[in-house]
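Here's the letter readout for the chains.
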Amino acid sequence: MINYRQLILFCFIAVSIISCTKTETVLKVSPYVSDGMILQQSSQTRLWGKSTPGATVKAIVDWGCTFTATAKSDSIWEMMVVTPKADDKRHKITLSTDDEEVEISDILIGEIWIAAGEALIEFPLAGWLPDTVDGGMRAIREDEPDSLLRFFLADHQYSIKPMTDIDGRWVYDGVDRCGVSAISYYFARQLRDSLHIPVGVIVNTLGGTRAEAWITEDNMPKSAAGIYCQDWRKKMGEITKEVEKYDRWLVSHKHRTLKYGPNGEDPYIEVGGNKVNYRDETILMSDYDYSSWRTMTLPSKWSQTPLTSLQGICWYIKSDTLPQSWVGKDIEIHLGYIDDRDVTYFNGYEVGSHMQANQYGSNRVYRVKGSDIKTRDFTIAIRVINTGGDGGFKGCPDGRMRIELAKDKSKKPCYIDGEWAYRMTAIKRGNELYDMNLDIDEWNGHDKLTWYYDEKLPTVAANGMIIPFRQVATRGVIWYNCEHNESDADTTFRALNEANIKTFEKYLGSDISFYQIQAVPSMEAYMGEPNSTSILGVRKAQYETTKDKARRGTVSAIDLAWSGYHTPYKRPLGERLARMALSRTYGIEMKNDAGPEPVSMTSSSSLLLIRFKNHEGMSIDANSCQFEIAGDDGEFYIATTFIKGEEIAVFSHAVPHPKRVRYASRNMIEGTLKNGEGLPCVAFEMTLNE
């Protein structure tokens, strides 16, 4: 006979056990999928995040649709969401699992672009001292805030393997404009003024990269990766194994995530107003024993030392004595250029620092008051932080590393170059900072990578910066990446440039637009060879890659030459990119959407006649001619030019039978050929077809 009371009690206990053992589902969304985001109008775009494997994630959008996804075994969920036409409404998406709900608010529907490539694209409106943006601070202070203009600032990351997500933050125009890419800002403002709908730009850059870094393995041309070796795929396989072993060692350390503060605070300086605790100040204690530290000769870049391509924090210490007569007198410490940041201490007290971003071009000269010099003996300790690219000491521009009397430069300096003790105290990988043991020389005791693992390696930027945005609907890409491929032949770089476009098309869609900036004349970028033509092959390839292609274009920057590294003239570049996009992507009619571009060339006696499009109102400075011609021997000579309608005639008495012409061929040159819109001609080279 059934005992119903026992049966009911059994069922109650069973249900209670099941309820108690049920695992609650978690719900996390990508930093990209957050308040203030802009979604591409009239498209299917991807949302993604993490949840408990097997959990169902539901998205309810306020334009009347519901979408679902299931978290995979690796916890990642992703879904394609259909978006409506652009409007000026603030939308909302509610994401939920059975146990958790996340609301994403203040979403706009409009036009999204990606701004990618090297530091030229990243360079912010507020500048990187000592370099600035012409008119940048005025734009920060005076431009009217535009609530329908926003930017996603993606964190830098590179990887041997494809990444699934990327950190970053959405920035509202007018709220935090200082750190926004200047080129992206002027590009987006121009689109907003013309389209009158919300515009967003994903700023997705990684300075110091070669073109190969932004190409996935399946898109890599056979001629690529020449600086590494022809069998680069085999080598990348080998380094992948090394990196996996290295990563296992690295992640065993305590670490912290480097994140920008809510108001854009630099993680190396402050977060929420508090200075970062670097956990290494014991090095400054007077009884600290650094006798076991290894030594290196300064000045030297990290790539020239056992630190190779590391990023992170390294301390340098040197002890010596001053002349007795210097005690009690002001002195200056001349350290030269340090890449990237430093804090310098004299006898345990901070005497100077360069901790803002991108101050690698600043000469470090620090003064110590005589009242702080009570004895001949001194110890200089320097914390150097390398946040990307090469690190270390690059030498003094005016002589050797030294200490001088501040008020009597006639006295012989106390030289401090040569042997210094050093120790790596933290290693940076991506956005993580891993602490080393201060009492053990961990780095030198570890099996180091036989290859440099840095942002220049093939595929690593594509893996870290492009693949995480796969299937995110965008209208197109604005792009700059070329300077580190300076020595590539035009055929090599054209294959790379085409592969860059194919990689973006694969992950963002085959119908995206692509507009790039031709290599900018920069004295610092091509230091020591301003009159060389080493960048001409790259400039030619850039133009040829996009020539006569739908929704493609190359913007000339040949008139924006600059004696430093970063040209301050970012506004013309952003607006030229926008002009091209408005014409070629959005179909807005305009007289010329680019500067003069060569179409064909013929000969007449000793003249070469070059026909141009976008030629209306062409002019050139006759006193600063940048045309050169050559005959069969390939020897180029400066040419005389004159304009005839849509043609330019060039000739030289030194070349009676010219066959080739080139324009703006030098690394550092300021091209003056423009049309009536003030838009400059691209740098090019042409050969006569006989």
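No experiment lies behind these values; they were computed from the predicted model shown. (Residues numbered from 1 in each chain as written. Predicted model: local features only at pLDDT ≥ 70, side-chain atom pairs only at ≥ 80, totals over all residues. Heavy atoms only, no water.)

> Could you clarify how one ought to interpret the nonpolar core in this entry?
Where a protein is soluble and globular, its nonpolar side chains tend to be buried together. Judged by nonpolar contacts, the single largest core of 113 residues is most densely connected at Y32, M79, I93, L95 and I517. Apart from residues no more than four positions distant in its own chain, I517 is found in contact with L120, I121, I183, W479, Y480, Q542, V555, A557, L573 and L577. (Core = buried A, V, L, I, M, F, W, Y, C linked by side-chain atoms within 4.5 Å. Buried < 20%, exposed > 50% of the residue type's maximum accessible area, 1.4 Å probe, protein only. Contact = heavy atoms within 4.5 Å.)

> Is there a simple way to explain empty space enclosed by the protein in this structure?
The probe, sized like a water molecule, is rolled over the atoms to show the empty space still left. Enumeration according to the criterion identifies two cavities of 30 Å³ or more in this entry. Counted as a void, the second largest cavity has a volume near 80 Å³. Broken down by secondary-structure element, the contributors of at least two residues to the lining of the second largest cavity are strand 29 (552–555) and helix 10 (570–584). Taken together, the residues that form the lining of the second largest cavity break down as seven nonpolar, three polar and three charged. (1 Å grid on protein atoms, 1.4 Å probe; cavity = no way out; pocket = protein on both sides within 12 Å on 5 of 7 lines; lining within 4 Å. Points joined across faces, edges and corners; volume = space filled by probe spheres on them. Helix = DSSP H or I, 4+ residues; strand = E, 2+ residues; numbered from the N terminus. Nonpolar A, V, L, I, M, F, W, Y, C, P; charged D, E, K, R; others polar.)

> How should the sheet that holds strand 32 (residues 627–630) be read in this particular structure?
Two strands in a sheet stick together by hydrogen bonds in their backbones, pointing the same way (parallel) or opposite ways (antiparallel). Sheet architecture is open: four strands sit in the order 33-32-36-37, paired in antiparallel fashion. Of all strands in the sheet, those with a lone pairing partner are strand 33 (636–638) and strand 37 (684–687), marking the two edges. Shown here is a sheet whose adjacent strand axes are inclined to one another by a mean of 20°, direction ignored. Both strand 32 and strand 33 contribute to a ladder of three bridges, which runs antiparallel. Looking at the pairing, A630 lines up with F636 of strand 33. (Pairing = 2+ DSSP bridges. Axes fitted to C-alpha atoms, helices over the stretch in contact; angles between N-to-C directions.)

> Can you help me understand the layout of surface pockets in this one?
The calculated volume of the second largest pocket comes to roughly 600 Å³. Every residue lining the second largest pocket is counted, 25 residues in all, and those nearest its centre are Q157, S159, M163, R429 and G430. If you list the elements that add at least two residues to the lining of the second largest pocket, you get helix 5 (232–250) and strand 26 (432–435). Examining the composition of the lining of the second largest pocket, we find that five residues originate from one element, helix 5, more than from any other. Residues that form the lining of the second largest pocket fall into these classes: eleven nonpolar, six polar and eight charged.

> Looking at this model, I keep getting lost on helix 8 (residues 490–508). Mind explaining?
One turn of the α-helix equals 3.6 residues, which is why residues spaced by three or four share an orientation. If you check helix 8, its first and last C-alpha atoms are 27 Å apart, about what 19 residues at 1.5 Å a residue would give, namely 27 Å. Along helix 8, the residues classified as buried are F493, L496, N497, A499, N500, I501, T503, F504, Y507 and L508. Residues of helix 8 that are buried make contact with strand 8 (101–117), helix 7 (460–466), strand 27 (476–480), strand 28 (513–517), helix 9 (536–546) and strand 29. The first or second residue beyond helix 8 is G509, which carries a positive phi of 125°. (Expected span 1.5 Å × (residues − 1).)

> Just checking my understanding: could you explain the pattern of salt bridges for this structure?
Side chains that differ in charge, positive against negative, can pair when their charged atoms come close. Applying the stated criterion across every chain yields a total of 47 salt bridges. The shortest N-O distance in the salt bridge between K161 and E244 comes to 2.5 Å. Here the residue K161 occupies a position in the loop between strand 9 (149–154) and strand 10 (168–172), and E244 occupies one in helix 5, the gap between them amounting to 83 residues. K161 gets classed as partly exposed once you look at its relative accessible area, which sits at 44%. With a shortest N-O distance of 2.2 Å, D218 and K506 are connected by a salt bridge. Placement of D218 in the loop between strand 11 (199–205) and helix 5 and of K506 in helix 8 is noted, with a sequence separation of 288 residues between them. Linked by salt bridges that have partners in common, D330, E332, R367, D398, R402, E404 and K409 make up one network. (Salt bridge = Lys/Arg side-chain N within 4 Å of Asp/Glu carboxyl O.)

> So what exactly am I meant to see when it comes to the confidence of the model for the chain here?
One rule of thumb: low pLDDT means the predicted coordinates there are not for detailed reading. Mean pLDDT over the chain: 89, with 91% of residues reaching 70 or higher. Confidence drops under pLDDT 50 across residues 13–22; counting only partners more than four residues distant or on other chains, this segment forms one contact. (pLDDT = per-residue confidence, 0-100.)

> Looking at this model, I keep getting lost on helix 4 (residues 182–195). Mind explaining?
Taking 1.5 Å of rise per residue, the 14 residues of helix 4 would be expected to cover 20 Å, and the 20 Å separating its terminal C-alpha atoms lies within 8% of that figure. With respect to burial, helix 4 is a largely interior element, eleven of its 14 residues being buried. Two residues or fewer past helix 4, H196 is found with a positive phi of approximately 60°.

> I would appreciate a short explanation of the sheet that holds strand 31 (residues 607–613) in the present structure.
Pairing is antiparallel in the open sheet, where four strands are placed in the order 30-31-35-34. Since the sheet does not close on itself, it has two edges, and those belong to strand 30 (597–604) and strand 34 (640–644), each with one partner. On average, adjacent strands in this sheet sit at an angle of 25° to one another, irrespective of strand direction. Note that strand 30 and strand 31 share seven bridges and pair antiparallel. Bridged to S603 within strand 31 is L608.

> Explanation requested: the side chain of Q516 in the structure shown.
Here Q516 is to be found in strand 28. In this structure Q516 comes out as buried when scored by relative accessible area, which is 0%. Side chain to side chain, Q516 and N497 meet in a polar contact 2.9 Å long. Within the structure, the side chain of Q516 is placed 3.1 Å from the side chain of T554, a separation counted as a polar contact. (Polar contact = N/O pair within 3.5 Å; in protein donor to acceptor, adjacent residues only side chain to side chain.)

> For this particular structure, what's the right way to read the pairing of strand 27?
The side chains of a regular strand alternate between the sheet's two faces. Strand 27 sits mainly inside the fold: five of its five residues count as buried. In strand 27, alternate side chains face the same way, and those of G476, I478 and Y480 on one face and V477 and W479 on the other are all buried. As defined by bridge partners, strand 8 adjoins strand 27 across five bridges and the pair is classed as parallel. Bridging from a neighbouring strand, A116 pairs with W479 of strand 27. Inspection of the sheet shows strand 27 paired to strand 28 by four bridges, in the parallel sense. Paired with G476 across the two strands is S513, which belongs to strand 28. In this fold, strand 27 hands off to helix 8, which returns the chain to strand 28; that crossover is right-handed. (Right-handed = clockwise from strand over helix to strand, strands pointing away.)

> Honestly, the packing of helix 8 against helix 9 in this entry has me stumped. Any pointers?
Packed helices, taken two at a time, are described by their axes: the angle between them and the distance between them. Where helix 8 contacts helix 9, the two axes come as close as 8 Å, and the packing angle between them is 45°. Classed by the angle they form, the pair helix 8 and helix 9 counts as oblique. Note on packing geometry: the crossing formed by helix 8 with helix 9 is right-handed. For the pair helix 8 and helix 9, the contacting residues are D490, F493, R494, N497, E498 and I501 in the first and G537, V538, K540, A541, Q542, E544 and T545 in the second. A class-by-class count of the residues in the contact of helix 8 with helix 9 yields four nonpolar, four polar and five charged. (Parallel < 35°, antiparallel > 145°, perpendicular 65-115°, else oblique. Left-handed = near helix turned anticlockwise from the far one by under 90°.)

> I would appreciate a short explanation of the packing of aromatic side chains in the present structure.
To describe a pair of aromatic rings, one takes the distance between the centres and the angle between the planes. Evaluated as defined, the whole model comprises 27 aromatic pairs. Centroid distance Y288 to W293: 6.0 Å. Interplanar angle 75°. Geometry classified as edge-to-face. One exposure class covers both Y288 and W293, and it is buried. Chaining the aromatic ring pairs together yields one cluster made of Y32, W48, F152, W170 and F469. (Phe/Tyr/Trp six-rings, centres within 6.5 Å; stacked < 30°, edge-to-face > 60°.)

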